[in-house]
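Descriptive analysis of the structure
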Amino acid sequence: MRVLGIETSCDETGVAIYDEEKGLVANQLYTQIALHADYGGVVPELASRDHIRKTAPLIQTALAEANLKPEDIDGIAYTSGPGLVGALLVGSTIARSLAYAWNVPAIGVHHMEGHLLAPMLEDNPPEFPFVALLVSGGHTQLVRVDGVGQYVLLGESIDDAAGEAFDKTAKLLGLDYPGGAALARLAEKGDPKRFTFPRPMTDRPGLDFSFSGLKTFAANTITQAIKEEGELTEQTKADIAYAFQQAVVETLAIKCRRALKETGFKRLVIAGGVSANKQLRHDLAQLMQQLKGEVFYPQPQFCTDNGAMIAYTGFLRLKQGERQSLSIQVKPRWAMTELSAISQN
Ligand code: KG4
Ligand code: ZN
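These numbers were taken from a predicted model, which means no experiment stands behind them. (Residues numbered from 1 in each chain as written. Chains lettered and ligands numbered in written order. Predicted model: local features only at pLDDT ≥ 70, side-chain atom pairs only at ≥ 80, totals over all residues. Heavy atoms only, no water.)

Structural notes on the site of ligand 1
- Around ligand 1 sit 18 residues in total, of which Gly 137, Asp 167, Gly 273, Asn 277 and Asp 305 are the nearest.
- His 111 places a polar side-chain atom, nitrogen or oxygen, 3.1 Å from an oxygen atom of ligand 1.
- At 3.2 Å from an oxygen atom of ligand 1 is found a main-chain nitrogen or oxygen belonging to Gly 180.
- Of all the elements in the fold, those that place two or more residues in the shell around ligand 1 are helix H4 (111-117), helix H5 (162-172) and helix H6 (180-187).
- Looking at the shell around ligand 1, the element that brings in the most residues is H5, giving 3 residues.
- Here the residues of the shell around ligand 1 are counted per class, giving 5 nonpolar, 11 polar and 2 charged. (Near = heavy atom within 4 Å. Polar contact = N/O pair within 3.5 Å; in protein donor to acceptor, adjacent residues only side chain to side chain. Helix = DSSP H or I, 4+ residues; strand = E, 2+ residues; numbered from the N terminus. Nonpolar A, V, L, I, M, F, W, Y, C, P; charged D, E, K, R; others polar.)

What follows is the structure, encoded as structure tokens:
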């Protein structure tokens, strides 16, 4: 079975083809980052319009990359939520229409399930069960994963997602949107001893997160530094970036340790844009070494939004016989726990 996957939930147009026998045979990505950079964030209407322009040509490029024709495709998977409603509608409409024209089944995929299953595309995929830490621009969640579609939400952010906190703090430091990766690069030059940021919600039990206070802490630290130094020097920016990143990473690690203890699991999966963060990978690798467990994550290109994770997740569900009706439905808000379990064989 070969499945074409289409991702348009936010500001990346991703198209990929997953082949049951060969694995991933095409992977195309068009990022709209430059389009939104001037506005300091994603402008939903511009995102939708650009997805309209880019999706069909990317599908043609993906077919050419895999040396396939439309009649070689057995099913189409598309992100139907969560995400920006207009952006989701573009991918869903194109996917559903193509499936109708090509006379193949279609399936709407949950974007976060796509992220969660992205490590399955690697050579050494994790076995079930495991704890997943999903850290993206829109979500921060700890999930108990007993199998595909068997998800129990253990904890989540009560305000900003980790990626959102990275981006907002990066903006305060004068970095372009989305500044998460740029902040991480800046942090490499930071002095670890200069500033200490709080580790929110780690002094009480539970697995929820709160990251909005860190952004405020960064803003206050910047104001104080300008008062003392007259301007924000490059070194001070790097020192703040370091302290912020360390606070996020340590907070995530503390909660991962708790979630592993609570479930008794020895495997940890990290996925979503922030899982590309080197410091986070380093600290979680250390944690899993201490716990004599293992950590899994996707290669960097599959941490952030991509079509491959949608093609793969759609493949699993289509193979199980799941189908989307002809109507085009998107779910801008959609809890992953509503998904149905699929059997593994
Ligand atoms: O998963 P993703 O591509 O999109 C969503 O589903 O939201 O995640 C994007 C987020 C952005 O907030 C971006 O700044 C962050 O992931 N990000 C990073 C890094 N690379 C991407 N944050 C910290 N360190 C990184 N290296
Ligand atoms: Zn995402």
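Continuing now.
What about the coordination of the zinc ion (ligand 2)?
- All of the protein donors around the zinc ion (ligand 2) are His 111 (NE2), His 115 (NE2) and Asp 305 (OD); their distances to the metal are 2.0 to 2.1 Å.
- Given 4 donor atoms and angles of 95 to 138° at the metal, the environment of the zinc ion (ligand 2) is assigned as irregular.
- Between the donor residues of the zinc ion (ligand 2), the gaps in sequence give the motif H-x3-H-x189-D. Of the two residues, His 111 is situated in helix H4 and Asp 305 in the loop between strand E10 (294-296) and helix H10 (308-319); the sequence distance between them amounts to 194 residues. The pair His 111 / Asp 305 is uniform in exposure class, with both members buried. (Donors = N, O, S within 2.8 Å, 3.2 Å for Na, K, Ca; no water. Tetrahedral: all angles 85-135°; square planar, octahedral: opposite > 155°, others 65-115°. Buried < 20%, exposed > 50% of the residue type's maximum accessible area, 1.4 Å probe, protein only.)

Quick notes on the sheet that holds strand E4 (residues 75-81)
- One open sheet accounts for 5 strands, arranged E3-E2-E1-E4-E5; its pairing is mixed. Single-partner strands in this sheet number two, and they are strand E3 (23-31) and strand E5 (106-110). Here the strands of the sheet are splayed against their neighbours by 20° on average, with no regard to which way each runs.
- Sitting on the sheet, helix H3 (residues 85-102) is in contact with strand E1 (2-7), E4 and E5, with an inclination near 160° to E4. (Pairing = 2+ DSSP bridges. Axes fitted to C-alpha atoms, helices over the stretch in contact; angles between N-to-C directions. Contact = heavy atoms within 4.5 Å.)

Topic: the side chain of Gln 246
- Relative to the helices and strands, Gln 246 resides in helix H8 (residues 234-263).
- Not counting chain neighbours up to four residues away, the residues in contact with Gln 246 comprise Arg 199, Gln 279 and Asp 283.

Topic: the UniProt feature "binding site: substrate" (unreviewed entry) in the protein
- Residues annotated in UniProt with the feature "binding site: substrate" (unreviewed entry) correspond here to Leu 134, Val 135, Ser 136, Gly 137, Gly 138, Asp 167, Gly 180 and Asn 277.
- By secondary structure assignment, the location of Gly 138 is in the loop between strand E6 (130-135) and strand E7 (140-147).
- Classification of Gly 138 by relative accessible area gives exposed; the value is 55%.
- Within the element layout of this structure, Asp 167 appears in helix H5.
- Residue Asp 167 is classed as buried on the basis of its relative accessible area, which comes to 17%.
- In contact with Asp 167, not counting residues within four places along its chain, are Tyr 177, Pro 178, Gly 179 and Gly 180. (UniProt positions renumbered as here; feature names shortened; annotations may be inferred.)

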